[in-house]
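Overview (structure and organization)
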Amino acid sequence: MTQTQRFLCLMVALFSWAEKDVNALSAAASATKASPSMLSEADVAKIANGGVAVLPGFVPPDLVERMRADAKKLKAKGAFRPDGLSNYARGNSDQQGFSQASDRQTFRGSGNASQQSWYVEELGDYKTRMGFDDLLGNLRQQLALELNRPTMAAENSKHEITYNWYEPGAKLGRHLDEHHEETKGPKLGWRYPSRRSVTWLVYLNDNWKEAEGGALLCHPRSAHNDDAFVEGGTIGCHEGNLQVGWMDDHAPVYLDAFRETGMTNLYSCKDSSRVYWSKHDFDVPAQPIDFKVFLPKHVQPRFEQISTATKDPRFANASDPVVATVDATNLEVMPAGGTLVLFDSVTMPHSVLEVTGDRQRIAATGWFHEDSQFAFEGIV
């Protein structure tokens, strides 16, 4: 993005964000008052502090059963495709890189840019999917209000929803669901008006056993535990600038891509003000990206980057293997039917361990979106 483009974006934001956020927050508050809270204060606090909210039995058993049946029928009709993190999707257009025994598949039977397959009435059990959609809508309204992410409350087609399918032997490497636009490169960054804000998963498996594998493995920051806290700013995003790391284990570090120089800088918040860490503004390099090199040497040991070339395939070269490792700070979630999992899409790296049993691992997954910092049409 050029300096002129950044300046124009900043001017637009100054005049539009305040009104947009006030209107969206008011709508979310009204919607939440009309329906009972679905999450406890403790659940919301876990997300707000960079953790994971896990709610066993959140979805009623009868709805779980109907959704599982819907997914199986759709799979039998060929409505699932390799997803964005599969070997096939990472560059093998002839599908020779895709393997049912190692890659995740998602429900993408039809639909187009304006309609997700989930909302195609002619596909599968549309009525059941819409019932689940209503449940999610109430959940999203509460999160928009209590996480102070007002534009997430909007009813629009930007929110993502699908089924995921893992055959025995399939797994998924460590990754993040959303990244700062400036780290996506000139072809992929700054293209869309919304971004992934909160990741959700609902498992649809019947009487799943630990020995069958397939656990969700979450990788919170190194110092995260039940007493973890966030200081100096909100997780994920501050005034449109997405988070890229942590300072001293509890202070979010954001990437400001709208400096007067036309370059970027790293900062945290203190007493409602920005504290910039880098002595000089810099251009974000091509992947793999290591933000630590742009920090003073005495600060570098205090910084923990969320995504690095050794932790996330989207920050690594395509040939570099990225494997899930288990350590003391990881959180394993067994994919038991009806369990809901929620976490921030920007700050929670996660992976899926190999399915070791002889059954398929099935889930409904998606992302609640909020408005992006800015987006341009036609950027290449």
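Predicted, not measured: the structure shown is a model, and the values here were computed from it.

What counts, and at which threshold
- Residues numbered from 1 in each chain as written.
- Predicted model: local features only at pLDDT ≥ 70, side-chain atom pairs only at ≥ 80, totals over all residues.
- Heavy atoms only, no water.
- Helix = DSSP H or I, 4+ residues; strand = E, 2+ residues; numbered from the N terminus.
- Expected span 1.5 Å × (residues − 1).
- Buried < 20%, exposed > 50% of the residue type's maximum accessible area, 1.4 Å probe, protein only.
- Arc of directions from axis to C-beta.
- Pairing = 2+ DSSP bridges.
- Axes fitted to C-alpha atoms, helices over the stretch in contact; angles between N-to-C directions.

1. Brief notes about helix α3 (residues 61–76)
Since the α-helix advances by 3.6 residues per turn, residues separated by three or four positions end up pointing in the same direction. Spanning 16 residues, α3 covers 23 Å between terminal C-alpha atoms, matching the ideal 22 Å at 1.5 Å per step. Taken residue by residue, α3 has Leu63, Val64, Met67, Arg68, Asp70, Ala71, Leu74 and Lys75 as its buried positions. For α3, the arc enclosing every buried residue in end-on projection is 160°, short of the 170-degree limit, so these residues lie on one face. Turned more than 90 degrees from where α3 packs its buried face, Pro61, Glu65, Lys73 and Ala76 sit exposed. Positioned one or two residues after α3, Gly78 has a phi angle of 80°, which is positive.

2. Observations regarding the pairing of strand β17 (residues 361–371)
With 10 of its 11 residues buried, β17 lies for the most part within the structure. By the bridge criterion, seven bridges tie strand β4 (residues 160–166) to β17 in an arrangement that is antiparallel. Residue pairing in the sheet places Asn164 in a bridge with Ala363 of β17. In the sheet, strand β6 (residues 194–203) pairs with β17 via nine bridges, with the strands oriented antiparallel. Its bridge partner lying in β17, Ser194 is registered against Asp371.

3. Structural notes on the sheet that holds strand β16 (residues 350–352)
If you trace the four strands from one edge of the open sheet to the other, you get β5-β16-β7-β14, paired in antiparallel fashion. In the strand order of this sheet, the two ends are held by β5 (172–175) and β14 (331–333), each with one partner. Taken pair by pair, the neighbouring strands of this sheet meet at an average axis angle of 15°, ignoring direction. With three bridges connecting them, strand β7 (residues 216–218) and β14 associate as antiparallel partners.

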